[in-house]
Amino acid sequence: MTIKLKNIKFEVSFYFVALVTLLLLFDKSSKTLLCIVGAVIHEAGHLLCLLWWGDVPYKISLMPFGIVIERRGRVALSFNEEAVAALAGPLVNIVLAVILVFLYKYNHNELILFSIAVNCGLGALNLLPIEPLDGSRVLHALLSRKLSESRSEQITRAVSFAFLLPLAACGFYILIKSGYNITLLIVVIYASVLLMFKKNK
């Protein structure tokens, strides 16, 4: 399904709708909804930063593994601006988490505590230098200030794999020691899928 709003196409994947619907049907605690809100707020941080510099996106796609912002490329941002735009998403999540911490002091609600965890998790996850997460975009932008595009891409790809391997090892270790905690493994699988998707794109 595609909706056009002020020269921006909003594309919603059928699989995204199906996944969200299934999660909401089986989750009666509203935690799935809080995760979706956290992800939307994260992408809103990127979007607002790009709009501030006049880089209006061409299309925003809601996919099963995340939200993709496709840019027109009409406005050439500096490497520093690219880095700031990449950091905007995690920063919004972290700022929101801090605000919720203060709110939790006055209202010890479980959903507020869960929202803090979600936003901290989203911020930390996206700061990892693994393609195509935000940390990788920051690394690529900083490298591009001194190196060629191809060399920056090679180093960024190597760093991505270098981070995935120890993360996977830690994930298996935590699973074996705990007997049930697969959180880190899910993060590694998610990051690996994104990396493979970007490589094949």
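Presented here is an overview of the structure given in this document. (Residues numbered from 1 in each chain as written. Predicted model: local features only at pLDDT ≥ 70, side-chain atom pairs only at ≥ 80, totals over all residues. Heavy atoms only, no water.)

This part covers the environment of L111. If you trace the backbone, L111 turns up in helix 4 (residues 110–126). Judged by its relative accessible area of 31%, L111 is partly exposed. In the structure, L111 is positioned 36 residues away from L147 in sequence and 45 Å away in space, judged by C-alpha atoms. If near-sequence neighbours (up to four positions away) are discounted, L111 is found in contact with S29, K31 and L34. (Helix = DSSP H or I, 4+ residues; strand = E, 2+ residues; numbered from the N terminus. Buried < 20%, exposed > 50% of the residue type's maximum accessible area, 1.4 Å probe, protein only. Contact = heavy atoms within 4.5 Å.)

This part takes up the nonpolar core. L125, I130, L133, L164, L167, A168, V188, A191, L194 and L195 together form the largest nonpolar core, which totals 10 residues. Contributions of two or more residues to this core are made by helix 6 (149–178) and helix 7 (183–200). When residues in this core are grouped by element, the largest group, 4 residues, is from helix 7. Core analysis: the next-biggest nonpolar cluster, separate from the first, contains 9 residues, I8, L47, C49 and A88 among them. (Core = buried A, V, L, I, M, F, W, Y, C linked by side-chain atoms within 4.5 Å.)

Side chains of residues three or four places apart in an α-helix project in the same direction, reflecting 3.6 residues per turn. Over its 28 residues, helix 3 (residues 79–106) extends 42 Å from the first C-alpha to the last, a length consistent with the 40 Å expected when each residue adds 1.5 Å. The largest bend in helix 3 amounts to roughly 35° and is located at A88, with the proline P90 lying one to four residues further along. Within the sequence span of helix 3, burial applies to A83, A85, A86, A88, G89, P90, N93, A97 and L100. Where helix 3 is buried, its residues touch helix 2 (31–52), helix 4 and helix 5 (134–144). (Expected span 1.5 Å × (residues − 1). Bend = angle between axes of the 7 residues up to and from the residue.)

Inspection of every chain in the model, using the stated rule, returns 5 salt bridges. Measuring nitrogen to oxygen at the nearest pair gives 3.9 Å for the salt bridge that ties K59 to E11. Placement of K59 in strand 3 (residues 57–63) and of E11 in strand 2 (residues 8–12) is noted, with a sequence separation of 48 residues between them. Under the relative-accessibility criterion, K59 is labelled buried at 16%. The salt bridge involving R137 is made with D134; its shortest N-O contact spans 3.2 Å. In this pair, R137 and D134 are both assigned in helix 5, 3 residues apart and thus about one turn of the helix distant. A relative accessible area of 32% means that R137 is categorised as partly exposed. Assessed through its relative accessible area of 6%, D134 is described here as buried. Salt bridges sharing common partners tie together E131, E153 and R157. (Salt bridge = Lys/Arg side-chain N within 4 Å of Asp/Glu carboxyl O.)

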